[in-house]
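Each chain, written out:
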Amino acid sequence: MQIIPSIDLKAGRCVRLYQGDFRQETVFSEDPVSVALGWQQRGGAILHIVDLDGAADGIPANLAAIREVVGTLTMPVQVGGGIRSREIADSLLSAGVERVVIGTAAVSDPALVEGLCQDYGSERVVVAVDARDGLVTIKGWTESSQVSALHLALRMKDLGVSRLLYTDVSRDGTLTSPNFAANGELVRETGMKVQASGGVSSLEHIRQLVSTGVEGAIIGTALYRGTIILEEAIEAGSL
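Below: a short report on this structure. Only a predicted model underlies this, so the values are computations on that prediction, with no experimental measurement involved. (Residues numbered from 1 in each chain as written. Predicted model: local features only at pLDDT ≥ 70, side-chain atom pairs only at ≥ 80, totals over all residues. Heavy atoms only, no water.)

Let's shift gears to the overall build of the chain. Counting its regular elements, the chain contains 11 helices and 12 strands. Over its C-alpha trace the chain gives a radius of gyration of 16 Å, about what one expects of a compact globule, namely 18 Å for 239 residues. In the chain, which comprises 239 residues, the share counted as buried stands at 57%. Taking contacts inside the chain between residues at least 6 apart in sequence as the whole, the part at least 24 apart equals 66%. With an accessible surface of roughly 9,500 Å², the chain has 47% of that area assigned to carbon and sulfur atoms. (Helix = DSSP H or I, 4+ residues; strand = E, 2+ residues; numbered from the N terminus. Rg over C-alpha atoms; globule rule 2.2 N^0.38 Å. Buried < 20%, exposed > 50% of the residue type's maximum accessible area, 1.4 Å probe, protein only. Contact = heavy atoms within 4.5 Å. Areas by Shrake-Rupley, 256 points an atom, 1.4 Å probe, with all protein chains shown as cover.)

By the definition in use, this model includes one aromatic pair. On the numbers, 5.6 Å between centres and 80° between planes, the contact of Trp39 with Tyr224 is edge-to-face. Of this pair, Trp39 sits in helix H1 (residues 32–41) while Tyr224 sits in helix H10 (residues 221–225), and the two are 185 residues apart along the sequence. (Phe/Tyr/Trp six-rings, centres within 6.5 Å; stacked < 30°, edge-to-face > 60°.)

Right, let's talk about helix H4 (residues 86–94) for a bit. Those residues of H4 that sit buried are Ile88, Ala89, Leu92 and Leu93. When H4 is viewed along its axis, its buried side chains cluster within an angular range of 125° and face the same direction. Opposite the buried face of H4, at more than 90 degrees from it, the exposed residues are Glu87 and Ser94. Contacts made by the buried residues of H4 are with helix H3 (63–72), strand S5 (77–80), strand S6 (99–102) and helix H6 (110–120). One or two positions beyond H4, positive phi appears at Gly96, with a value near 110°. (Arc of directions from axis to C-beta.)

Counting 66 residues, the largest nonpolar core has Ile7, Trp39, Leu47, Ile49, Ile102, Val113 and Ile219 as the members making the most contacts within it. If near-sequence neighbours (up to four positions away) are discounted, Ile49 is found in contact with Ile7, Leu9, Ile66, Val69, Val77, Gln78, Val79 and Gly80. Residues Ile4, Val101, Val126 and Ile218 belong to the second largest nonpolar core, which totals seven residues. (Core = buried A, V, L, I, M, F, W, Y, C linked by side-chain atoms within 4.5 Å.)

It is at 9 Å that the axes of helix H9 (residues 203–212) and helix H11 (residues 230–237) come closest, and there the two elements cross at 30°. As judged from the angle between their axes, H9 and H11 are roughly parallel. In this structure, H9 meets H11 at a crossing whose hand is right-handed. Every residue of H11 that contacts H9 at Leu203, Ile206, Arg207 and Val210 is listed here: Glu232, Ala233, Ala236 and Gly237. In the contact of H9 with H11, the residues fall into five nonpolar, one polar and two charged. (Axes fitted to C-alpha atoms, helices over the stretch in contact; angles between N-to-C directions. Parallel < 35°, antiparallel > 145°, perpendicular 65-115°, else oblique. Left-handed = near helix turned anticlockwise from the far one by under 90°. Nonpolar A, V, L, I, M, F, W, Y, C, P; charged D, E, K, R; others polar.)

What follows is the structure in structure tokens.
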């Protein structure tokens, strides 16, 4: 299982939110490039970047910082947050981003997802299934839909998507535990590659996620607070 460090960008700084609440923000660094280089040097498989301003406003606001990170690293980078048009997706992919992560647009504009899969291949597209109480949330987790996580996943599979990023919003940034049941269900019911996110805070959580069959675990707060050491997480994920 891959261990995927996460960088959340807000106003150009590395931050973490509690349960996706923009009012509960902790700043961890003013220099995302140095943070990204640190995760690369310590063995991260792929870097996950979220443009939080873009997720909330629908227009990516940290593109300069993202391009600088991508241009500096040798490990692949996947980016999400506010990617709701073909123009934005094209600009990121052409700038060297390995994968674009589509969340809100997967619900509001599935044709965008289908077109990206057709033109770039399914390996370059990830659909973010962000859920609270089993229902998908959109617009930076500020609005709830009436679409279930599993229904969205299966719909995306029909459009050519092969990889999901599942986040239980209620656990994100809380250092509680991942939603093992929901992650396992997505793996079993869809047969798709799944990245688990939200609440990963111990090596035991990583071992349990391995047993669910997920492809990777995205870790943010626990790495920044030192609750999990990246090298130890990589070892636990390989068992």
